[in-house]
Amino acid sequence: MTAAWLVGLDVDGTIILQDETMSPGVPEAVARVRDAGNIVTIATGRSWMATERWVDELELTPEFVVCSNGAVTMRRVGDSWERWNVELFDPTTVLALLTERLPEAHYMVELESGQRLFTGEVDDWTLAGGRQVTLDELGSRPVSRVVVVSPGHDEEDFHRLVVDAGLNEVSYAIGWTAWLDIAPHGVDKGTALARVHSELGIDGGNVFVAGDGRNDIGMFEWSLRIGGRAVAMGQAPPEVKDASGEVTADVEDGGLALALDTLVNHPAAPQVEARE
């Protein structure tokens, strides 16, 4: 391999299963790609607090990690990390639209500092150092993201809500556990990885990204646009597969490991199907 690749990996449904165990073969495949001299990082909808664990467990050594669907990019400084780039927006209008339609939902925002403010606890949220507040206080400062969980509503309900509320001035994604995640307008994993790509001086299309959710479409489109690779997991929704350049096996069957091994000419390489 003549030049390093930038490898950006989604976490939920790509690196890990729903019970938060590793997808088969992923640690070994990641190590092979990393040891071949490539830059393996994470690009996730999770906050940094919920992401650092996977950087450590996979023994990744990147300078940058993309969190919060691209709204936060962390940078390694010695043995610690700093919030290198944080995209912010005023959540007032978004919260007003959503709370009018989903008054019983649980809401959370992430501030520039990384602190989380929330109206009600949800098991899936990492709330260490967070603070429970009223709805008025929730929207009182600029935020990097708004997260909504509404018991009893599924992905299709959220899609209809987004259309009905006219949320066209922000970026949004719907997670695999059916929550709505809203970022600043025009911000996604692709915009963050593009900034990292430029900062690191990676050669043109030496980019490989993999994911399974609608929040991965932005990084798929960016990677393909510059001549890189974009791999959708086998269980991804049709629109995610349509946005990708390749489709691998389901996360339960080690799809990410199969795809990563194509970067190092491992025997598993033929298992990834290129899209026409």
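Residues numbered from 1 in each chain as written. Predicted model: local features only at pLDDT ≥ 70, side-chain atom pairs only at ≥ 80, totals over all residues. Heavy atoms only, no water.

Caption draft 1: A look at the environment of glycine 25. Relative to the elements of secondary structure, glycine 25 occurs in the loop between β1 (6–9) and α1 (26–35). Note: C-alpha distance between glycine 25 and alanine 257 (232 residues apart in sequence) is 5.5 Å. (Helix = DSSP H or I, 4+ residues; strand = E, 2+ residues; numbered from the N terminus.)

Caption draft 2: How the structure looks around the packing of helix α6 (residues 189–200) against helix α7 (residues 217–225). Interhelical geometry of α6 versus α7 gives an angle of 45° and a closest axis separation of 6 Å. The angle between α6 and α7 places the two elements in the oblique class. Together, Lys189, Gly190, Leu193, Ala194 and His197 of α6 and Gly218, Met219 and Trp222 of α7 make up the contact between the two elements. Of the residues that constitute the contact of α6 with α7, the class distribution is 4 nonpolar, 3 polar and 1 charged. (Axes fitted to C-alpha atoms, helices over the stretch in contact; angles between N-to-C directions. Parallel < 35°, antiparallel > 145°, perpendicular 65-115°, else oblique. Contact = heavy atoms within 4.5 Å. Nonpolar A, V, L, I, M, F, W, Y, C, P; charged D, E, K, R; others polar.)

Caption draft 3: Geometry of the sheet that holds strand β3 (residues 64–67). Pairing is antiparallel across the open sheet formed by 3 strands, whose spatial order is β3-β4-β5. Because the sheet does not close on itself, it has two edges, and the strands there are β3 and β5 (80–86). Strand-to-strand twist across the sheet, computed as the mean angle between neighbouring axes with direction ignored, equals 30°. Pairing between strand β4 (residues 72–77) and β5: 6 bridges, direction antiparallel. In the sheet register, methionine 74 faces β5, and the bridge partner there is arginine 83. Relative to β3, α6 is tilted by about 170°, and along the sheet it contacts β3, β4 and β5. (Pairing = 2+ DSSP bridges.)

Caption draft 4: Spatial organisation of the pairing of strand β9 (residues 145–149). Among the 5 residues of β9, 5 are classified as buried, and the element is accordingly described as predominantly covered. Summarising the sheet, strand β6 (residues 106–110) and β9 pair through 5 bridges and their orientation is antiparallel. Among the inter-strand pairings, glutamate 110 is bridged to a residue of β9, identified as arginine 145. Note that β9 and strand β11 (residues 180–184) share 3 bridges and pair antiparallel. Looking at the pairing, valine 148 lines up with leucine 180 of β11. (Buried < 20%, exposed > 50% of the residue type's maximum accessible area, 1.4 Å probe, protein only.)

Caption draft 5: Structural view of the nonpolar core. Ranked by internal contacts, the top residues of the largest apolar core, which has 34 residues, are Val7, Leu9, Ile15, Phe208 and Leu260. With sequence-adjacent residues up to four places away left out, leucine 9 is seen in contact with Ile15, Val30, Val40, Thr41, Ile42, Ala43, Phe208, Ala210, Leu256 and Leu260. Among the nonpolar cores identified, the runner-up in size contains 23 residues, and Val94, Leu138, Leu161 and Val162 belong to it. (Core = buried A, V, L, I, M, F, W, Y, C linked by side-chain atoms within 4.5 Å.)

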